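Topology and contacts: notes
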Amino acid sequence: MAPNKSELIKQQIGDPFKVIDAVKRAASEGVETLTEDDLFLCKWYGLYTHRHEKGYFMLRTKQPNGYVTVEQARTIADIAETQNRGFADITTRQDFQLHWCRTNDLLAILERLKAAGISTLGACGDIARNVVGCPVAGVDREELFDTGPVARQLSDFFLGNRDFANLPRKYKISVSACRSRCVHPEIQCVALVGAEQPVNGKTEPGFDLRVGGGLSTQAFFGQRLGAFVKPDQVVPVVAAVTAVWRDTPEYREKRHHARIKYLIHDWGAERFRQAVEERLGWTLADAEAAYQDPPDQYRDHVGVHAQKQSGYYYVGAPVLVGRITSRQLSKVADLAERYSDPDAKTTGTPIRLTNRQNLVVLNVAESHVDRVLAGLAEAGLSVNAHPVRRSVVTCTGTEFCKLAITETKARSRQIVEYLESRVPLDEPLRLHITGCPNACAQHQIGHIGLMGSKTKVDGQVVDAYDIFVGGQLGQGASFNHPIIRKVPAAECARRLEQLLRGYLKQRKPGEPFNGFCARVGDAELVKLLTDGKPLPSAEGVEVPKVPESEGPVY
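Below is a summary of the structure that appears in this document. Since the structure is predicted, the reported quantities are computational estimates derived from the model, not experimental observations.

A tally of helices and strands in the protein yields 16 helices and 20 strands. Counting only C-alpha atoms, the protein reaches 60 × 55 × 50 Å along its principal axes. Residues classed as buried in the protein amount to 60% of the 554 residues present. Considering only contacts within the protein whose residues lie at least 6 apart along the sequence, 71% involve residues at least 24 apart. Looking at the protein as shown, the accessible area adds up to about 21500 Å², and 48% of this sits on carbon and sulfur atoms.

Another aspect to go through is the sheet that holds strand 7 (residues 190-199). A sheet is described by the order of its strands in space; here five strands give the open sequence 6-7-8-9-10, paired in mixed fashion. One side of each edge strand has no neighbouring strand; the edge strands of this open sheet are strand 6 (173-176) and strand 10 (285-286). Here strand 7 pairs with strand 8 (residues 202-211) via ten bridges, running antiparallel. Bridged to valine 190 within strand 8 is valine 211.

Further remarks concern the pattern of salt bridges. A full pass over the atoms with the stated rule returns 34 salt bridges. Put simply, arginine 74 and glutamate 337 hold a salt bridge, and the shortest N to O gap is 2.8 Å. One end of the pair, arginine 74, is in helix 4 (residues 70-83); the other, glutamate 337, is in helix 10 (residues 326-339), with 263 residues separating them in the sequence. Among the residues examined, glutamate 337 registers a relative accessible area of 51% and is labelled exposed. Among the ionic pairs, arginine 210 bridges to aspartate 208, the shortest N-O distance being 3.3 Å. On the basis of relative accessibility, which here comes to 5%, the residue arginine 210 falls in the buried class. Linked through salt bridges whose partners overlap, the residues forming this network are Glu7, Lys10, Asp126, Arg252 and Arg255.

Backbone-to-backbone hydrogen bonds pair the strands of a sheet. The strands run either parallel or antiparallel. With antiparallel pairing, five strands are arranged side by side in an open sheet as 1-2-5-4-13. Single-partner strands in this sheet number two, and they are strand 1 (47-49) and strand 13 (323-325). Averaged over all adjacent pairs, the angle separating strand axes in this sheet is 30 degrees, with direction ignored. Sitting on the sheet, helix 5 (residues 106-115) is in contact with strand 1, strand 2 (56-60) and strand 5 (96-102), with an inclination near 15 degrees to strand 2.

In this section: the environment of tryptophan 245. If you trace the backbone, tryptophan 245 turns up in helix 7 (residues 234-246). Take tryptophan 245: its relative accessible area is 0%, and that puts it in the buried class. Discounting chain neighbours no more than four positions away, the residues touching tryptophan 245 are Leu167, Pro168, Arg169, Lys170, Tyr171, Tyr251, Ala258, Arg259, Ile260 and Leu263.

Before going further, it helps to spend a moment on the packing of helix 15 (residues 513-520) against helix 16 (residues 522-530). Packed helices, taken two at a time, are described by their axes: the angle between them and the distance between them. Where helix 15 meets helix 16, the closest approach of the two axes is 6 Å, and the angle between their N-to-C directions is 110 degrees. By the angle class used here, helix 15 and helix 16 are roughly perpendicular. Contacts between helix 15 and helix 16 involve Phe516, Cys517 and Val520 from the first element and Glu524, Leu525 and Leu528 from the second.

A few words on helix 1 (residues 5-13). At 3.6 residues per turn, the α-helix brings residues three or four places apart onto the same side. When we look at burial in helix 1, the residues that qualify are Ser6, Glu7, Ile9 and Lys10. Seen along its axis, helix 1 keeps its buried residues to an arc of 160 degrees; they face one direction. Opposite the buried face of helix 1, by more than 90 degrees, sit the exposed residues Lys5, Gln11 and Gln12. Buried-residue contacts for helix 1 involve helix 3 (36-41).

Across the eight residues of helix 8 (residues 260-267), six count as buried, placing the element largely inside the fold. Where helix 8 is concerned, the buried positions are Ile260, Lys261, Tyr262, Leu263, Ile264 and Trp267. Each element contacted by the buried residues of helix 8 is listed here: strand 8, strand 9 (223-229), helix 7 and helix 9 (269-280).

Attention now goes to the nonpolar core. Among the nonpolar cores identified, the biggest contains 57 residues, and Leu47, Ile76, Leu359 and Leu376 are the most heavily contacted of them. With sequence-adjacent residues up to four places away left out, leucine 47 is seen in contact with Val23, Cys42, Phe57, Met58, Leu59, Leu106 and Cys124. Counting 44 residues, the second-largest nonpolar core is a separate cluster that includes Ile173, Val237, Trp245 and Val276.

This part covers unusual backbone geometry. Positive phi values are uncommon outside glycine, yet glutamine 94 reaches one of about 65 degrees. Mapped onto the secondary structure, glutamine 94 falls in the loop between strand 4 (87-90) and strand 5. Owing to a relative accessible area of 0%, glutamine 94 belongs among the buried residues under this scheme.

It is worth spelling out the pairing of strand 4 at this point. Of the two faces of strand 4, the one lined by Phe87 and Asp89 and the one lined by Ala88 and Ile90 are each fully buried. Two strands pair when backbone bridges link them, and strand 4 and strand 13 are joined in this way by three bridges, in the antiparallel orientation. Across the sheet, the residue bridging to phenylalanine 87 is threonine 325, located in strand 13. Here three bridges tie strand 4 to strand 5, and the two strands are oriented antiparallel to one another. In the sheet register, isoleucine 90 faces strand 5, and the bridge partner there is phenylalanine 96. A loop of five residues connects strand 4 with strand 5, the two strands running antiparallel in sequence, and glutamine 94 in this loop sits at a positive phi of about 65 degrees.

Right, let's talk about the packing of helix 8 against helix 9 for a bit. Taken N-terminus to C-terminus, the directions of helix 8 and helix 9 make an angle of 110 degrees; their axes are 6 Å apart at the nearest point. In terms of axis orientation, helix 8 runs roughly perpendicular to helix 9. Where helix 8 approaches helix 9, its residues Ile260, Leu263, Ile264 and Trp267 are matched on the opposing element by Ala269, Arg271, Phe272 and Ala275.

As a further point, take the environment of lysine 331. Positionally, lysine 331 belongs in helix 10. Classification of lysine 331 by relative accessible area gives partly exposed; the value is 25%. Once the C-alpha coordinates of lysine 331 and glycine 194 are considered, the two residues, 137 residues apart in sequence, prove to be 34 Å apart. Contacts of lysine 331, omitting those with residues within four sequence positions, involve Gly375, Glu378 and Ala379.

Calculation rules
Counting restarts for each chain, with residues numbered from 1 along the sequence as it is written. Residue-level local features of this predicted model are given only where pLDDT is at least 70; pairs of side-chain atoms are given and counted only at 80 or more, and the full residue set underlies all totals for whole chains, interfaces and linings. With hydrogens and water excluded, all non-hydrogen atoms of the structure serve as input to the side-chain values. Helix and strand assignments come from DSSP, with helices taken as H or I runs of at least 4 residues and strands as E runs of at least 2, each series counted from the N terminus. Summary of the burial criterion: residues with accessible area below 20% of their type's maximum are buried, those above 50% are exposed, and those between are partly exposed, where the area comes from a 1.4 Å probe applied to protein chains only. Residues count as neighbours in contact if any of their non-hydrogen atoms are within 4.5 Å of one another. Under the convention used here, a 1.4 Å probe and the Shrake-Rupley method define accessible areas, while residue burial counts only the protein chains that appear. A pair of strands counts as paired when DSSP detects no fewer than two bridges linking them. Salt bridge, as applied in this entry: a Lys or Arg side-chain nitrogen positioned within 4 Å of an Asp or Glu carboxyl oxygen. Convention adopted: a line fitted to C-alpha atoms gives each axis, helices being fitted over their contacting stretch, and angles between N-to-C directions are expressed from 0 to 180 degrees. When describing relative orientation, an angle under 35 degrees is termed roughly parallel and one over 145 degrees roughly antiparallel, while 65 to 115 degrees is termed roughly perpendicular and anything else oblique. Picture the helix axis, draw a direction to every C-beta atom, and the arc is the one those directions span. Nonpolar core, defined: a set of buried Ala, Val, Leu, Ile, Met, Phe, Trp, Tyr and Cys residues in which side-chain atoms within 4.5 Å join the residues together.

Read these as geometric descriptors, not functional statements.
Below you can see the structure in the form of structure tokens.
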């Protein structure tokens, strides 16, 4: 079978980073000079065109392990204020997204970011995306060891590396040794999960290697390769894993089949490990067969937490739907500059972004904690947040994204504000709201997940959501499942209120939300969501197709 259109473009161009020449031309001659091929390759510089507004781009940064310096925070805040209508978004890969970037401003913005130590190379495109890790690596009292430097080494290896700039599709890596698995290694293309085991008679730190996780229209959990990787082996091992996938041509034929999760599903872990070892030229050490994942834990790092450095604390602040204003980000930079103490002698940076679209300020002396809390609250980033506010994760939605079916950011904000004023929830809850089946907001792992659709109300086609429940990570990991389809978006907040109030009223002592859902069954959950009344008919409403939604591969 012939390669797909995207592969033909890459074959013709050769070096995708050459697209910067087209960007330079467009800056002086106009956006009209950018061809469709140019726009496809602009993703390698973190650039996507806006859904509605011609001549405007979204620009995504790369912040390895969520690291953000004070200077970088100020730079993003200033660009957002002066050129991007006053806000930026935090992503589930611990990046920033800047919107409303005009074509003739792109080069200057890229130069400003570069001067602050921020790259956008590979933030999008068929390439290794931002390497994610535990946002409190190096200060977490429970971590096995500090993996921040390893994540940075791996990021540096792939950054601008032309040997790995043409992969079959996007490629996502996590590196972490936090005990609660806060970076969701289960859904990464490649996950290095912190572990310890005897090596030559002594206990050594390293990683349990997993491959093949991923969501979108067909979700898979990653599989253990049964291999133990030492920190100094990470770069060559991940390079070999990537090369095996890169050089397997059948995963370049169908665009919706071009993910490493499908290769692992087809080959199995044993065959894939053998191929990796052949590429390496040496045998991987075996990991302990009795390895156990921890129970599903909710860990968002919001609040005040003691660091392993005596006398220091980190403070995590929720950023509603991941959208942070320039004023808020400037305030965070000011607080970090003033109160994040370099004498704490930690690795990394004083500000970190989280995969739940929140942020953390590190190395705060006990005597300064109250000042940081007051400053965050003044900026509208109070740590005393309702569980839904601190937990909600959303994608970009139709406001900017060409693939989205529904608007997400404003609707998610409305849902959160409604629920926090009416439901006295007393436990964390993963709520994920995504605008299409591509699952950029990871709705399949949510205790409650909403996925964008369409329905009809009073004869008019309107935004709607399918509602899922039961996502589980760690031990007994399972994706959630839909219990009701095509709920009008305007009704979602009220219906979720009914569901959560039913949970609070009917739960047994200590029973978590997932346990309640499993016990009462879907029919009872539907009854709670609908008051036993039918939804408006969606007959004749066509839900738009998105590029990866061509149907399951298997």
